[in-house]
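Structural overview
Here is what each chain is made of, one letter per residue.
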Amino acid sequence: MQRPGLIIGIIIAVVLIGGFGYIIYNGRPVVQMEKNAGTTQNTTPQLNENTTNTQPEVTVSTTTETPVQPPGTTTVQNPQPTQPTPPPTTPEPKPTAPPPTSDGGAKTYTLAQVQTHSTQDSCWAAINGSVYDLTTWIPRHPGGPQRIIGLCGKDGSAMFNQKHGSSSRAQAALVLLKIGTLAQ
Amino acid sequence: MSLTTYRIIRYTMVFLFLWFGYQQIANPEMWTTYLPEWTGYFPMPSNMIVQLNGFFEIIFALLLLAGIFTRVAAGLLGLHLLGIAFTVGGAIGVRDFALAMTSIALAFSKPDEWTVDVKYLRKKVN
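Summarised in this report is the structure supplied together with it. Everything quoted here is computed from the prediction, not taken from an experiment.

Calculation criteria
- Residues numbered from 1 in each chain as written.
- Chains lettered and ligands numbered in written order.
- Predicted model: local features only at pLDDT ≥ 70, side-chain atom pairs only at ≥ 80, totals over all residues.
- Heavy atoms only, no water.
- Disulfide = S-S within 2.5 Å.
- Helix = DSSP H or I, 4+ residues; strand = E, 2+ residues; numbered from the N terminus.
- Buried < 20%, exposed > 50% of the residue type's maximum accessible area, 1.4 Å probe, protein only.
- Axes fitted to C-alpha atoms, helices over the stretch in contact; angles between N-to-C directions.
- Parallel < 35°, antiparallel > 145°, perpendicular 65-115°, else oblique.
- Left-handed = near helix turned anticlockwise from the far one by under 90°.
- Contact = heavy atoms within 4.5 Å.
- Nonpolar A, V, L, I, M, F, W, Y, C, P; charged D, E, K, R; others polar.
- Buried area = accessible area lost by both parts, 1.4 Å probe.
- Polar contact = N/O pair within 3.5 Å; in protein donor to acceptor, adjacent residues only side chain to side chain.
- Phe/Tyr/Trp six-rings, centres within 6.5 Å; stacked < 30°, edge-to-face > 60°.

In this section: the state of the cysteines. Residues and elements named next belong to chain A. Inspection of every chain in the model, using the stated rule, returns 1 disulfide over all chains. Across a sulfur-sulfur distance of 2.0 Å, C123 and C152 are joined as a disulfide pair. Residues C123 and C152 are joined through a disulfide that is left-handed, its torsion about the S-S bond being -100 degrees. Of this pair, C123 sits in the loop between α3 (111–115) and β3 (124–127) while C152 sits in the loop between α4 (146–149) and β5 (154–155); the two residues are 29 residues apart in sequence, bridging distant segments of the chain. A single burial state applies to C123 and to C152, both of which are buried.

See the structure below:
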């Protein structure tokens, strides 16, 4: 091979290896979990602390002095002013679902939250106390996609331990899909 | 094959692989459904596999664009796409098979004058 071609080939190899290394380094599961924890903390719904139920001050004026009336005349007392009805209070916004708690980068989910992700497009499962996002694993499962779809939104600890309890490869593949821990 | 035909096919394949490579890097979650089952044995997340695949396509598409190791780049991209065609199957597989054979045809053709191979590395033209 001529020298310019060799130099170009070396440059291409360096670019390829560098690019692959960059993608692998930034795509590590630990980095992804830290990113997810950071984005979740920024999007957690916060109640507006400024909304307080305050009633306007109600003042009732009463006349203390009565006019002098000549004898034989009837007086019509002015009706007392009615208290103004307080304006309807704005109801406090109720959060629909409790946001996941964060504990040093690892989020905690309840089983109810896992059950809301029970479809093939968003498939979560709780296995052995941890929560996993199995959505991208469905087409890659060596045993077929149906076995994973059957675990969506459920606690799959029994099924996983029965099938892959002694498989280090399955355990390693599962670790890559972890998104948090299951709240007890 | 005339030089014009060669150039049209070459730049078309460059555009094809650049676009698909960029889509895989920018939105890897959209492409994880096409991963075959045997990638489940890889100790890496699905998104990472897709992004690595996209990066590979982009690099070799750029080589094909510049005309550096043109035949090697075209052949590798063609074989790569051929593998995807047989893995995915169906209508998508048929389309990818045709595109793969086009790229392999480029690998069997000598590069044109608009390539670094011919201009600077002094390789023979048609």
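All names here are of chain B. Close contact between helix α3 (residues 70–88) and helix α4 (residues 90–107) brings their axes to 7 Å; oriented N to C, the two are set at 165 degrees. Regarding the angle of α3 to α4, the classification is roughly antiparallel. The crossing of α3 and α4 is left-handed. Taken together, the residues of α4 that come into contact with α3 (itself represented by R71, A74, G75, L77, G78, L79, L81, L82, I84, A85, F86 and V88) are G90, I92, G93, D96, F97, L99, A100, M101, S103, I104, L106 and A107. Classifying every residue of the contact of α3 with α4 gives 17 nonpolar, 5 polar and 2 charged.

The subject of this paragraph is the packing of helix α1 (residues 3–26) of chain B against α3(B). The relative placement of two packed helices comes down to the angle between their axes together with the axis-to-axis distance. All names here are of chain B. Contact pair α1 / α3: the axes reach a minimum separation of 12 Å and the direction vectors enclose 55 degrees. Between α1 and α3, the interaxial angle falls into the category oblique. Seen from above, α1 lies across α3 with left-handed handedness. Between α1 and α3, the residues in contact are Y6, R10, L16 and F17 and T70, L77 and L81, respectively. Of the residues assigned to the contact of α1 with α3, the class counts are 5 nonpolar, 1 polar and 1 charged.

Looking now at the interface of chain A and chain B. Taken together, the contacts link 25 residues of chain A with 26 residues of chain B. Of the roughly 2200 Å² buried between chain A and chain B on both sides combined, carbon and sulfur atoms contribute 73%. The largest contributions to the chain A side of the interface with chain B come from I23(A), P139(A) and R140(A), which together make up 29% of the buried area. Applying the counting rule to chain A against chain B returns 4 residue pairs in polar contact (both at pLDDT 80 or more). No other element matches helix α1 (residues 3–26) of chain A, which puts 11 residues into the side of chain A that touches chain B. Looking at the side of chain A that touches chain B, its residues break down into 14 nonpolar, 8 polar and 3 charged.

Applying the stated criterion to the full structure yields 7 aromatic pairs over all chains. Judged by centre distance (5.0 Å) and plane angle (70 degrees), the ring pair of Y109(A) and W124(A) falls under edge-to-face. Of this pair, Y109(A) sits in strand β2 (residues 106–109) while W124(A) sits in strand β3, and the two are 15 residues apart along the sequence. Neither Y109(A) nor W124(A) differs from the other in exposure class; each is buried. Seen in terms of ring centroids, W19(B) and F20(B) are 5.0 Å apart; in terms of plane orientation they differ by 90 degrees. Their pairing is edge-to-face. Site record: aromatic cluster; members linked through ring pairs are W19(B), F20(B), W31(B) and Y34(B).

Keep in mind these numbers describe shape, not what the thing actually does.
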